[in-house]
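# Structural description and commentary
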Amino acid sequence: MITLTRREALAAGAGVLGIARVVGSARAAAATVGIDNFAFTPATLTVPTGTKVTWTNHDDLPHTVTSASPPKLFHSGPLDTDDAFAFTFATAGAYKYFCALHPHMQGTVVVT
Amino acid sequence: MNDPTTRRTALECMLWAGAGLVWTVAGGIPRASLLGTAQAAGQSFSFVQISDSHIGFAKDPNMDVPGTLTEAIGRIRELPQTPALLLHTGDVSHLSKVAQFDTAEQIVGTAGLDTHYVPGEHDVLVDEAKPFVARFQAREAQGAPDGGFYSFDQNGVHFVGLNNVTDLKAGGLGNLGAVQLAWLEKDLAGRPASQPIVVFAHVPLWTVYADWGWGTDDGAVALALLRRFGSVTVLNGHIHQVMQKIEGTVAFHTARSTAFPQPAPGAAPSPGPQKIAPGLLRSVLGTTEVRVVAGTAPLAIIDTPLAG
């Protein structure tokens, strides 16, 4: 068990506040989505505005990350094994996407 | 003599990555046989289907996809009766790269056969289907500009190559689209119902397994246009295994890949490449390793003899 002194606890608290300030500013937060076994994981991701979301393909076959409805806000192009694609969501909303090779693979990014 | 052992052997020859299928048209009815099985002499017309060569794939279970395609073409070259043509039902490449198209074109070209291609979803990843159409379908009479679909006649058989891999919709299956379906209706109109029809496309036109996207959303519309014909054969790839279904006068068949196998529907968490024990790759390609296990093969079409 770790016992914090009063001074250390105060310092830790200040650190948390510091991080919160950075997130609240223009600096982008980050989130990840895995592509495993022909599925986006998590299938629904909720992030604050300004978050950079990175998808990484862990499958043996290529996939894409493609906006489900026109105009296509984002399209990764083919992602081979271990390839990654990132997109920063600047505006709140629900963004549906799918894999253009395997359209039964679908996901949603909810930006709040 | 109609040797049941030979027929059963052919039945069991459903190894995961075959060289291709020989189709022989006798009396207007196309019949399939595996490459390497006994060929009846004197047939008037045959053709070969290969599929899913996936040039560019280099992972377990196949690090040498050009090698297995080359072997498949080698088998075709050894056929006692030269096929009239070769059909490639898509996923020629793995990532639509120029170098992958180059390799595939060069290897398939060594067959020395009139070859007709349709795209798989792996072939249309760049600039819609345009690079694929320009390279592999340049001589076809396109049903629409860069549409990737066309038809032609050979020895009285009407061949229809369809494209069901572009403009796929989220949550959907393979897709033909209104333009292609309108063209198909016109293409078939006025043809006698007695003319044999061979339709070939990448994704199965019938629903094999919707959970894995193994079907075509508007495939039923196309099939309705084909119902009045007395002999319809629908050839697909995509699922890297042989499946067959007969519905009235329509025979559906999917071909194996020359690259790697995929699991049976629902038999694995995903349709990713099926792993094969090291060293078994070449042996499963060869007909000498075939085992006879009566009554367990799910592949009815293989029981159709070339002569019978």
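Residues numbered from 1 in each chain as written. Chains lettered and ligands numbered in written order. Predicted model: local features only at pLDDT ≥ 70, side-chain atom pairs only at ≥ 80, totals over all residues. Heavy atoms only, no water.

### Here we look at the overall build of chain B
For the record, the criterion: Under the scheme used here, helices are H or I runs from DSSP no shorter than 4 residues and strands are E runs no shorter than 2 residues, and both carry numbers assigned from the N terminus. Whether a residue is buried, partly exposed or exposed follows from its accessible area with a 1.4 Å probe, protein chains only, as a fraction of its type maximum: under 20%, in between, or over 50%, in that order. Computed by Shrake-Rupley with a 1.4 Å probe, the accessible areas treat only the displayed protein chains as cover when residues are assessed.
Secondary structure summary: chain B contains seven helices and 11 strands in total. In chain B, buried positions account for 59% of the 308 residues. Element-wise, carbon and sulfur atoms account for 55% of the exposed surface of chain B, whose accessible area totals about 11700 Å².

### Description of the interface of chain B and chain A
When the parts come together, some accessible area is lost, and that loss is often what is quoted as the size of the interface. Where we set the bar: In what follows, a contact means two residues having at least one pair of non-hydrogen atoms within 4.5 Å. A simple way to read buried area is as the amount of 1.4 Å-probe accessible surface that goes missing from two parts once joined, with both sides added. We define a salt bridge as a contact between a side-chain nitrogen of Lys or Arg and a carboxyl oxygen of Asp or Glu at a distance within 4 Å. We define a polar contact as two N or O atoms separated by no more than 3.5 Å, with the added condition that, inside protein, one atom must be a possible hydrogen donor and the other a possible acceptor, whereas residues neighbouring each other in sequence contribute only through side-chain atom pairs. Classification used: nonpolar for Ala, Val, Leu, Ile, Met, Phe, Trp, Tyr, Cys and Pro, charged for Asp, Glu, Lys and Arg, polar for all others including Gly.
Taken together, the contacts link 24 residues of chain B with 15 residues of chain A. Of the roughly 1700 Å² buried where chain B meets chain A, counting both sides, 66% is carbon and sulfur surface. Area buried by chain B at its contact with chain A is led by Lys59, Leu125 and Ala170 of chain B, which between them contribute 27% of it. Taken together, the connections running from chain B to chain A amount to two salt bridges. In this structure, Asp60 of chain A and Lys275 of chain B form a salt bridge, with 2.3 Å as the shortest nitrogen-oxygen distance. In this assembly, chain B and chain A are joined by four residue pairs in polar contact (both at pLDDT 80 or more). Broken down by class, the residue content of the side of chain B that touches chain A amounts to 11 nonpolar, eight polar and five charged.

### What about the side chain of Lys59 of chain B?
Summarising the element assignment, Lys59 of chain B is placed in the loop between β3 (46–50) and α2 (65–77). Lys59 of chain B sits in the buried class, given a relative accessible area of 18%. Not counting residues within four places of it along the chain, the set of residues in contact with Lys59 of chain B comprises Asp60, Asp80 and Thr81 of chain A.

### Regarding the sheet that holds strand β10 (residues 243–247) of chain B
Residue and element names in this part refer to chain B. The cut-off we apply is this: Strands are treated as partners if at least two bridges between them are detected by DSSP. Whenever a helix is involved, its axis is fitted only over the stretch in contact; in every case the axis is a line through C-alpha atoms, and angles between N-to-C directions fall within 0 to 180 degrees.
Read from one edge of the open sheet, six strands run β6-β7-β8-β9-β11-β10, paired in mixed fashion. Bordering the open sheet on either side are β6 (150–154) and β10, each of which pairs with just one other strand. The mean angle between the axes of side-by-side strands here comes to 15 degrees, regardless of whether they run parallel or antiparallel. Relative to strand β7 (residues 157–161), helix α5 (residues 178–188) is tilted by about 175 degrees, and along the sheet it contacts β6, β7 and β8 (197–200).

### Let's talk about α2 of chain B
Since the α-helix advances by 3.6 residues per turn, residues separated by three or four positions end up pointing in the same direction. All names here are of chain B. Applied cut-off: To estimate the expected span of a helix, subtract one from its residue number and multiply by 1.5 Å.
The first and last C-alpha atoms of α2 sit 19 Å apart over 13 residues, in line with the 18 Å expected at 1.5 Å per residue. Along α2, the positions that sit buried rather than exposed are Val65, Gly67, Thr68, Leu69, Ala72, Ile73, Arg75 and Ile76. Between a side-chain oxygen at the N-terminus of α2 and the backbone nitrogen of Gly67 the separation is 3.0 Å; the capping residue is Asp64.

### Concerning the pairing of strand β4 (residues 85–88) of chain B
Residue and element names in this part refer to chain B. Under the convention used in this document: We call a crossover right-handed when, viewed with the strands running away from us, the connection from the first strand over the helix to the second turns clockwise.
Burial along β4 is two-sided: Leu85 and Leu87 facing one way and Leu86 and His88 facing the other are all buried. Two strands pair when backbone bridges link them, and β3 and β4 are joined in this way by four bridges, in the parallel orientation. If you follow Val48 over to β4, its bridge partner there is Leu86. Note: β4 against strand β5 (residues 115–117), three bridges, orientation parallel. If you follow Leu87 over to β5, its bridge partner there is His116. In this fold, the crossover linking β4 to β5 by way of helix α3 (residues 98–109) has right-handed handedness.

### Here's the deal with the confidence of the model for chain B
The predicted coordinates of low-pLDDT regions are not to be read in fine detail. Residues and elements named next belong to chain B. Defined as follows: pLDDT expresses, on a scale from 0 to 100, how confident the predictor is about each individual residue.
Confidence in the prediction of chain B, expressed as mean pLDDT, is 79, and 75% of residues score 70 or more. Across chain B, the secondary-structure element scoring lowest on mean pLDDT is helix α1 (residues 4–11), at 35, and the one scoring highest is α5, at 98. Low pLDDT, under 50, characterises residues 37–43; the predicted model gives this stretch 16 contacts beyond four residues in sequence or across chains. This complex was scored by the predictor with a pTM of 0.81 and an ipTM of 0.78.

### Here we look at unusual backbone geometry
A cis amide bond links Thr41 of chain A with the next residue in sequence, Pro42 of chain A, at an omega value of 0 degrees. Within the element layout of this structure, Pro42 of chain A appears in the loop between β2 (39–41) and β3 (44–47). Look at the link from Asp60 of chain B to Pro61 of chain B: it is a cis peptide, with omega at 10 degrees. Inspection of the secondary structure puts Pro61 of chain B in the loop between β3 and α2. Here Asp82 of chain A, not a glycine, exhibits a phi torsion of approximately 70 degrees, which is positive.

### What about α5 of chain B?
Residue and element names in this part refer to chain B. Formally: As used here, the arc is the angular range of directions from the helix axis to the C-beta atoms.
Taken residue by residue, α5 has Gln180, Leu181, Trp183, Leu184, Asp187 and Leu188 as its buried positions. Down the axis, α5 shows its buried residues gathered within 160 degrees of arc, on one side only. Seen from the open side of α5, the exposed residues pointing more than 90 degrees away from its buried face are Ala178, Val179 and Lys186. Elements that come into contact with the buried residues of α5 comprise β6, β7, β8 and α6 (219–226). The first or second residue beyond α5 is Gly190, which carries a positive phi of 85 degrees.

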